[in-house]
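If you want the building blocks of each chain, they are given just below.
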2 protein chains.
Amino acid sequence: MTIRYPNGKIYKPQVESIAKKDTGQKKNDISFSNRGKTLEDELNETNNFYLNRQIAVIHKKPVPVQIVNVEYPKRSAAVIREAYFRTPSTTDYNGVWNGYYIDFEAKETESKTSFPLKNVHAHQIKHMEDVSNQKGISFTIVRFSKLERYFVLPFTVLLEAWNNMERGGAKSIPLKVFESSTYEISPGYNPRIDYLSIIEKMITNKEC
Amino acid sequence: MTIRYPNGKIYKPQVESIAKKDTGQKKNDISFSNRGKTLEDELNETNNFYLNRQIAVIHKKPVPVQIVNVEYPKRSAAVIREAYFRTPSTTDYNGVWNGYYIDFEAKETESKTSFPLKNVHAHQIKHMEDVSNQKGISFTIVRFSKLERYFVLPFTVLLEAWNNMERGGAKSIPLKVFESSTYEISPGYNPRIDYLSIIEKMITNKEC
């Protein structure tokens with residue numbers, strides 16, 4: 001059965017996180033040094049580190065689902081028997097660090113040369129713009145998985161590329177632009193992806 | 001089958017949002033002026049108002065579920081066939097307003113005389129404390145449903161009552177304490193529960 005929105009548009013589920021799990025084994029083979037972890041794993045570890053050291057309170061939001069049917073078996077946990085993935089209305093991560101509102105999305109690409117903008121959704125751009133207007137700090141963490149390179153992509157740089165695409169320009173952001181106009185994160189041991197040290201730099205330089 | 005954590009503790013699902021739906025009809029009969037809406041409905045309306053007027057970007061977080069089994073039928077949406085409710089690790093609402101990190105929980109009580117602290121979980125107190133330490137603004141919106149009265153309960157007041165309970169004191173916060181030491185919200189038409197006007201006052205008075 002095709003699920004439709006009230007306006008007749010066909011519902012397309014967000015299966016990203018499930019898909020990631022399915023390909024987990026494959027990813028294990030690609031790289032030794034990140035030990036097969038997804039970017040999500042690495043960021044969860046980093047955020048736990050921040051939380052335990054009282055550096056920041058930043059969490060990944062749960063995957064939004066529309067629950068249709070729940071069973072309540074006797075003497076055991078309620079089981080959801082029918083539910084559907086919903087389109088998230090925001091980015092995946094947010095929280096607070098030293099009085100700053102932090103809000104970001106995490107994206108991985110297999111490309112070695114550019115970050116395809118099809119990874120980003122229009123509603124996410126809208127959300128990031130709203131956050132920036134409220135003086136929140138908004139960015140995207142991009143992992144070039146094959147290269148094992150990580151970047152903090154400030155919203156201003158993303159928006160420029162997005163608007164350019166809307167005017168008929170390039171549909172991706174070249175690695176060279178990342179090298180010249182964004183901030184590279186050197187992955188470490190603990191925290192794995194220390195993005196807050198980059199944000200601190202950006203604030204000092206008044207670049208966010 | 002009983003679901004257990006690795007430490008052997010029995011898993012108790014959070015079925016709050018489902019329970020609310022189940023009793024929706026009953027609530028319709030209690031009050032005419034809030035038209036049977038739950039506090040969650042009222043806050044979602046309020047947050048939409050704030051978002052559309054570019055006043056603030058504040059969202060309810062999705063209910064966290066552990067997905068175990070998903071079906072991918074041909075030509076239709078993926079269906080979650082087995083999933084379980086997880087305990088949320090944070091409060092339900094967060095976002096940004098004019099550079100401030102806003103983080104709160106919403107609670108309803110049927111009591112006419114006091115707010116039972118069993119409505120609050122230890123991990124939420126911990127989270128609110130962490131948020132306050134990071135200079136975020138943390139509070140609870142409490143609705144006395146039978147009285148149709150709404151209050152912003154600052155974290156400091158909640159924490160005092162909580163610590164008092166831990167030392168063997170009262171297990172609830174009397175309505176009188178709400179009247180003397182918290183901020184009452186007069187429900188309106190649009191926005192319904194204008195809690196940000198209260199937060200603005202609290203900031204001006206340096207009370208948060």
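Within an unreviewed UniProt entry, the label attached to chain A reads Holliday junction resolvase RecU, and the organism entered is Ureibacillus massiliensis 4400831 = CIP 108448 = CCUG 49529. According to its UniProt record, chain A has this under Sequence similarities (unreviewed entry): "Belongs to the RecU family." Within the UniProt record for chain A, the comment given under Catalytic activity (unreviewed entry) is "Endonucleolytic cleavage at a junction such as a reciprocal single-stranded crossover between two homologous DNA duplexes (Holliday junction)."

Q: When you look at the overall build of chain A in this model, what are you seeing that I'm missing?
A: The helix and strand inventory of chain A stands at 7 helices and 10 strands. Of all 208 residues assigned to chain A, the portion counted as buried reaches 48%. Surface summary for chain A: the accessible area is close to 10600 Å², and the carbon and sulfur share equals 50%.

Q: How should the pattern of salt bridges be read in this particular structure?
A: Think of it this way: side chains of opposite charge can pair up when their charged atoms draw near. Residues and elements named next belong to chain B. In the structure shown here, the tally under the stated rule is 24 salt bridges over all chains. Residue Glu108 pairs with Arg143 through a salt bridge whose shortest N-O separation is 2.9 Å. Taken as a pair, Glu108 in strand E5 (residues 100-109) and Arg143 in strand E7 (residues 137-144) lie far apart in primary sequence, 35 residues in all. Taken as a pair, Glu108 and Arg143 share a single burial class, namely buried.

Q: Teacher, can you tell me more about the UniProt feature "binding site: Mg(2+)" (unreviewed entry) in chain A here?
A: Summarizing the sequence annotation, UniProt attributes the feature "binding site: Mg(2+)" (unreviewed entry) to Thr90(A), Asp92(A), Glu105(A) and Gln124(A) in the numbering used throughout. Sequence-wise these annotated residues cover 35 residues; spatially they are packed, their C-alpha atoms never more than 9.6 Å apart. Mapped onto the secondary structure, Thr90(A) falls in the loop between strand E3 (79-85) and strand E4 (93-97). With a relative accessible area of 5%, Thr90(A) lands in the buried category. Excluding residues within four positions of it along the chain, Thr90(A) makes contact with Lys61(A), Glu105(A), Gln124(A), His127(A) and His59(B). Side chain to side chain, Thr90(A) and Lys61(A) meet in a polar contact 3.1 Å long. Of note, Gln124(A) is situated in helix H4 (residues 122-133). Among the residues examined, Gln124(A) registers a relative accessible area of 4% and is labelled buried.

Q: Help me out: how do you make sense of the interface of chain B and chain A in this one?
A: When the parts come together, some accessible area is lost, and that loss is often what is quoted as the size of the interface. Counting from both sides, the interface comprises 48 residues of chain B and, opposite them, 48 residues of chain A. Together chain B and chain A conceal approximately 4000 Å² of surface at their shared face, both sides included; 59% is due to carbon and sulfur atoms. One can count 0 salt bridges joining chain B with chain A. Remark: the boundary between chain B and chain A carries 14 residue pairs in polar contact (both at pLDDT 80 or more). Those elements giving two or more residues to the side of chain B that touches chain A turn out to be strand E1 (57-60), strand E2 (65-71), strand E3 (79-85), strand E4 (93-97) and helix H4 (122-133) of chain B. If you tally residues by element for the side of chain B that touches chain A, the top one is E3(B), at 7 residues. Classifying every residue of the side of chain B that touches chain A gives 28 nonpolar, 14 polar and 6 charged.

Q: Looking at this structure, I do not really get the relation of the copies chain B and chain A. What am I missing?
A: What connects the two chain copies is a rotation about an axis and a shift along it. It takes a turn of 180° to lay chain B on chain A, together with a shift of 0.0 Å along the axis; the resulting RMSD is 0.0 Å. In short, the pair behaves as if placed about a two-fold rotation axis. When the interface residues of chain B are mapped onto chain A, 100% of them are again interface residues, pointing to one common binding face.

Q: Would you mind going over the sheet that holds strand E2 (residues 65-71) of chain A with me for this structure?
A: By definition, the strands of a sheet pair up through backbone hydrogen bonds, in either a parallel or an antiparallel sense. Strand order in this open sheet of 4 strands is E2(A)-E3(A)-E3(B)-E2(B), and the pairing throughout is antiparallel. If you trace the sheet from one side to the other, it starts and ends with E2 of chain A together with E2 of chain B, each paired once. Direction aside, neighbouring strands of the sheet carry axes that sit 30° apart on average. Direction of pairing for E3(A) relative to E3(B): antiparallel, over a ladder of 2 bridges. Across the sheet, the residue bridging to Ile80(A) is Ala83(B), located in E3(B).

Conventions used here
Residues numbered from 1 in each chain as written. Chains lettered and ligands numbered in written order. Predicted model: local features only at pLDDT ≥ 70, side-chain atom pairs only at ≥ 80, totals over all residues. Heavy atoms only, no water. UniProt positions renumbered as here; feature names shortened; annotations may be inferred. Helix = DSSP H or I, 4+ residues; strand = E, 2+ residues; numbered from the N terminus. Buried < 20%, exposed > 50% of the residue type's maximum accessible area, 1.4 Å probe, protein only. Areas by Shrake-Rupley, 256 points an atom, 1.4 Å probe, with all protein chains shown as cover. Salt bridge = Lys/Arg side-chain N within 4 Å of Asp/Glu carboxyl O. Contact = heavy atoms within 4.5 Å. Polar contact = N/O pair within 3.5 Å; in protein donor to acceptor, adjacent residues only side chain to side chain. Buried area = accessible area lost by both parts, 1.4 Å probe. Nonpolar A, V, L, I, M, F, W, Y, C, P; charged D, E, K, R; others polar. Least-squares fit on C-alpha atoms with pLDDT ≥ 70 in both. Pairing = 2+ DSSP bridges. Axes fitted to C-alpha atoms, helices over the stretch in contact; angles between N-to-C directions.

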